[in-house]
Amino acid sequence: MKISYNWLKTYLNIDLTAESAGQLLTDCGLEVEGIEKIESIKGGLQGIVIGEVKSCSKHPDADKLSITTVDVGAEELLHIVCGAPNVASGQKVAVATIGAVLYNGDESFTIKKSKIRGEVSEGMICAEDELGLGHSHAGIMVLDSSVAVGTAASSYFKIEDDYMLEIGLTPNRSDAISHIGVARDLAAVINNLADTATKVELKLPSVDAFNIDNHNLPIEVIVEDIQACPRYTGITISGIEVKESPDWLKNKLKTIGIRSINNIVDITNFVLFETGQPLHAFDADKIEGKKVIVKKLAKGISFLTLDGIERKLSGEDLMICNANEGMCIAGVFGGAKSGVTTTTKNIFLESAYFDATTIRKTSKFHGLKTDASFRYERGCDPNITVYALKRAILLIKELAGGSVSSEIMDVYPTPIERKCVEISYQNTYRLIGKVIEKNIIKNILTSLEIEITNETEEGLSLLIPTNKVDVVREADVIEEILRIYGYNNVEIGSGLRSSISYVSKPDKEKVQNTISNYLSNNSFVEIMNNSLTSSDYVNKIADFNPIHNVKILNPLSKELDVMRQSLLFGGLESISYNINRKTSDLKLYEFGNTYTYNAEVGAEVNVTKRFKEEKHLAVFVSGKKYAESWNVAASNTDFFNLKAHVTNILNRLRINIDKLNVNTISNSIFEEALEYTSNGKAVLTYGSLHPQLLASFDIKQAVFYADFQWDTIIKMIPNAEVVYTEVSKFPEVRRDLALLINKEVSFAEIVKLAYQTEKNLLKKVNLFDVYEGDKLEAGKKSYAVSFTIQDQEKTLNDKQIDGIMNRLIKVYVEKLQAVIR
């Protein structure tokens, strides 16, 4: 949120620098993220002075140039060559002296001493467009003859410097969503300072001058949806003149980044940023039937908004209508037909309080973020509508003329009362961590316009103003006291408190860090994606069921409407994003939770059974296997590259891969993949992603993906400590077998049978050659497999080795119908 410091000071009599004020606001919870100097004229007319033309003669070598001498209050007259047709002796003019910088949009140039057609020029006599004071370039500016020579142009033209404070406003602080709201907090903080000699008073603009001139333009207000619009206030004013706003109004809006449109629209914006109450002006002559009806229109009705876009209503959008059609999406955006134009003479001015949830849903549905919706979504003050209306009417009469032509129409069937909250001093001291004087507590509450209705020795009874929508209980009031008192004023105690904690083994954080370090050390980059994703992803992939989506009741957008069922989508978004930016060699990993809804159980079942949250590790590889280099042949990453990392992760966690069941799968996610299971539970799945899936993310290169069921993996890690043993003194023995087997037999089956046959001495099984060709009979393949055998106690003899190998051959022949080649 942007705040003009000059504007802020109109409500407070303070003499602080913008930096000091920013620090005080930050200390009380309104974090000032930046301070920017704003000049109404770029450069502030520095180096521009008022001068008098003492002499003027034609340039001997140029018909359109004049040679002048100008008195700018210096010891010597300046010789200036001027090209303006209206320059003449005796004129008071604006002179850019040597070193002054003039701006033309984002471009600038510096005035230097130079020669023009052989004549020395020591400055420049300026036109209004060259100074940024207007748009005319017909000639130089001729000023009032009474102005003193040497006067700074910034003083003569009343150039104001302002400071824009960028406040990082939290959603709960709707009371500080305006200049008056920020001024209220700043006054409270200043008055709480120990060295403050005099109290600072918040001065609100008076509306006592408001009066009704006639009743010539009555418009009936009907509110059909009281829940969505608890209060609606309106009034008419006739005979106005829509024109350009005065400089003071344009400058205030410019400081906070608001473009001036016309005096009526600028006034509604001004009051919005002053009070926090959104206003909307309708052309009264375009209100058909002279009725304003607040209601919801049917779903699918088209409505043309101010930006020229035709939007389909949701059926839940609150609309401001006339007798025949909608005129405005309430609290969000105006309509194209009913807005104020240069021909408008009569207006109907709206000041309403709309339900925050209704406005938030409409804003999200249409993708419209406006200054009005920003405030309504967070909760406006329902009891400020009339004050804001009167404030705007007085400004309109001042800047646009006109007469108030109706009573204030205020539909407020159920007034919203101030909340009653009781606080105890003891709880205040306990939560703050310090005993604060009771007078200081009461002064802080009073400065925040919190009324004290009763006081006892134990505490206070309070009435909370309706602008503080987040203050509803004792702890909220104590938080208000603390932030004004100052977090930095609460000393850190000398006592040390601690508790003994027990960490179950294995330590999940330590295990995760171990694997993170392994992956990062192998050139993987960790990614962290949003837990919210688009339901469209699940709807397009057959192996994900939309019925298991955990839906967001109030989604930020259509792209973030469900919790993710898998880390896959966020990873593919990251890969697509990087490929589109010419980074195609990627190795990524992410630890994160997934969320699913069990639709098979009813609402009466415990929530932990209806919703499931699981932790996963996702690993992605794509592109080239190695970075480009002169001594490494370029090759693409493949399934076996991913498998190596998967195997290393499991080995690092001391999970015996050979004891896992392995299945080959192919579905809408994986073109080809392996699935590891243990006791019927999935442990991990890895393989190459399906080309159709990749195409939906606009990815044209192969991507290999591994999905670890991290919660299951953690349970599989052995609790026993790692024991190091002496390297065996006895040699290993290797024997090879060439097996002719059916194509459907996997290497995993060969390994499994080998370890089942020889549990003690068999150390390693390795596949070192595969042959499939026309020399073999159909449906067959040849595997060359090596077996490493070792006894830790003695050297193996041929008889023992042959016995093991014979048993292996027998198993393979019987179980796999293998032929030993």
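A brief report on the enclosed structure follows. (Residues numbered from 1 in each chain as written. Predicted model: local features only at pLDDT ≥ 70, side-chain atom pairs only at ≥ 80, totals over all residues. Heavy atoms only, no water.)

## Considerations on the overall build of the protein
(1) Moving on: Within the protein, the secondary structure is distributed over 22 helices and 41 strands.
(2) Moving on: Over its C-alpha atoms the protein spans a radius of gyration of 39 Å, topping by over 25% the 28 Å that the globule rule assigns to 821 residues.
(3) Moving on: When the backbone C-alpha atoms are referred to their principal axes, the protein occupies close to 125 × 85 × 65 Å.
(4) Moving on: The proportion of buried residues among the 821 residues of the protein is 47%.
(5) Moving on: When contacts within the protein are restricted to residue pairs at least 6 apart in sequence, long-range pairs at least 24 apart make up 70% of them.
(6) Moving on: Of the roughly 42,600 Å² of accessible surface on the protein, a fraction of 48% belongs to carbon and sulfur atoms.
(7) Moving on: In the protein, 92 positive and 108 negative side-chain charges are present, and the distance between their average locations comes to 6 Å. (Helix = DSSP H or I, 4+ residues; strand = E, 2+ residues; numbered from the N terminus. Rg over C-alpha atoms; globule rule 2.2 N^0.38 Å. Buried < 20%, exposed > 50% of the residue type's maximum accessible area, 1.4 Å probe, protein only. Contact = heavy atoms within 4.5 Å. Areas by Shrake-Rupley, 256 points an atom, 1.4 Å probe, with all protein chains shown as cover. Lys, Arg positive; Asp, Glu negative; His and termini not counted. Charge placed at Lys NZ, Arg CZ, Asp CG, Glu CD.)

## A short note on the side chain of S66
(1) Moving on: Mapped onto the secondary structure, S66 falls in strand β4 (residues 62-71).
(2) Moving on: Contact partners of S66, with chain neighbours within four places excluded, come to C56, S57, K58, H59, I80, V81, C82 and V87.

## Some remarks on the nonpolar core
(1) Moving on: Core analysis: the biggest nonpolar cluster contains 81 residues, and L186, I264, L349, I396, L445 and V477 have the highest contact counts within it.
(2) Moving on: Within the second largest apolar cluster, 35 residues are counted, among which are Y232, V294, L297 and Y376. (Core = buried A, V, L, I, M, F, W, Y, C linked by side-chain atoms within 4.5 Å.)

## Thoughts on the pattern of salt bridges
(1) Moving on: A complete count under the given rule lists 34 salt bridges for this structure.
(2) Moving on: Across the pair R173 and D175 runs a salt bridge, and its minimum N-O distance is 3.0 Å.
(3) Moving on: With a closest N to O distance of 3.3 Å, R184 and E449 form a salt bridge. Residue R184 is located in helix α5 (residues 179-192), and its partner E449 is located in the loop between α12 (438-447) and β26 (451-455); the two are separated by 265 residues in the primary sequence.
(4) Moving on: Under the relative-accessibility criterion, E449 is labelled partly exposed at 36%. (Salt bridge = Lys/Arg side-chain N within 4 Å of Asp/Glu carboxyl O.)

## Describing the packing of helix α14 (residues 508-521) against helix α18 (residues 639-652)
Angle between the axes and distance between the axes: these two values describe a pair of packed helices.
(1) Moving on: Two elements in contact, α14 and α18, have axes separated by 11 Å at closest approach and are oriented at 145 degrees. For the crossing formed where α14 meets α18, the hand is right-handed. Contacts between α14 and α18 pair T514, I515, Y518 and L519 from the former with H645, N648, I649 and R652 from the latter. (Axes fitted to C-alpha atoms, helices over the stretch in contact; angles between N-to-C directions. Left-handed = near helix turned anticlockwise from the far one by under 90°.)

## Notes on the sheet that holds strand β30 (residues 550-551)
In a beta sheet, neighbouring strands are held together by backbone hydrogen bonds and run either parallel or antiparallel to one another.
(1) Moving on: What the three strands build is an open sheet, ordered β29-β31-β30; its pairing is antiparallel. For this open sheet the edge positions go to β29 (532-533) and β30, each flanked by a neighbour on one side alone.
(2) Moving on: Here two bridges tie β29 to strand β31 (residues 562-563), and the two strands are oriented antiparallel to one another. Pairing of L532 across the sheet is with M563, part of β31. (Pairing = 2+ DSSP bridges.)

## Observations concerning the packing of aromatic side chains
When we look at a pair of aromatic rings, we describe it by the centre distance and by the angle of the planes.
(1) Moving on: Summed over the entire model, instances satisfying the criterion amount to 18 aromatic pairs.
(2) Moving on: Taken together, Y537, F544, F569 and F697 form an aromatic cluster joined through their ring pairs.
(3) Moving on: Over the face of the ring belonging to F365 we find K558, whose NZ or CZ atom lies 5.7 Å from the ring centre.
(4) Moving on: Across from the ring centre of Y577, 3.6 Å away, lies the NZ or CZ of R581, which sits over that ring. (Phe/Tyr/Trp six-rings, centres within 6.5 Å; stacked < 30°, edge-to-face > 60°. Lys NZ or Arg CZ within 6 Å of the ring centre and 35° of its normal.)

## A closer look at the sheet that holds strand β11 (residues 123-125)
(1) Moving on: Overall, antiparallel pairing links the five strands, which are arranged β5-β4-β3-β6-β11 in an open sheet. The sheet is open, and its two edges are formed by β5 (78-82) and β11, each paired on a single side. Looking at each pair of strands side by side, their axes are set apart by 45 degrees on average, direction ignored.
(2) Moving on: Pairing of β4 with β5, which is carried by five bridges, proceeds in the antiparallel orientation. Looking at β5, one finds that V70 is bridged to L78.

## Remarks on the environment of E671
(1) Moving on: Within the secondary structure layout, E671 lies in strand β35 (residues 670-678).
(2) Moving on: A relative accessible area of 40% means that E671 is categorised as partly exposed.
(3) Moving on: C-alpha separation for the pair E671 and F303, spaced 368 residues apart in sequence, amounts to 47 Å.
(4) Moving on: In this structure, E671 is in contact with S666, S688, L689, H690 and P691, ignoring residues within four places of it in sequence.

## Side note on the pairing of strand β12 (residues 161-167)
(1) Moving on: Looking at chain direction, strand β1 (residues 2-4) and β12 are connected through three bridges and run antiparallel. Among the inter-strand pairings, S4 is bridged to a residue of β12, identified as M164.

## Let's talk about the pairing of β5
(1) Moving on: Within β5, four of the five residues are buried, leaving the element largely enclosed by the surrounding structure.
(2) Moving on: Between the antiparallel neighbours β4 and β5 lie six residues, among them G73 with a positive phi of about 90 degrees.

## A few points about the state of the cysteines
(1) Moving on: Applying the stated criterion across every chain, the model contains zero disulfides.
(2) Moving on: As a non-bridged cysteine, C126 has C82 as the owner of its nearest cysteine sulfur, 9.2 Å distant.
(3) Moving on: Overall, the relative accessible area of 0% leaves C126 in the buried class. (Disulfide = S-S within 2.5 Å.)

## Describing helix α2 (residues 18-27)
(1) Moving on: Buried within α2 are the following residues: A18, A21, G22, L24 and L25. For α2, the angular spread of buried residues about the axis comes to 160 degrees, placing them on one side.
(2) Moving on: With its phi angle positive at about 105 degrees, G29 sits one or two positions after the end of α2. (Arc of directions from axis to C-beta.)

## Regarding unusual backbone geometry
(1) Moving on: Positioned with a positive phi, R117 is a non-glycine residue whose angle comes to about 55 degrees.
(2) Moving on: Considering the arrangement of structural elements, one finds R117 in the loop between β9 (114-116) and β10 (119-121).

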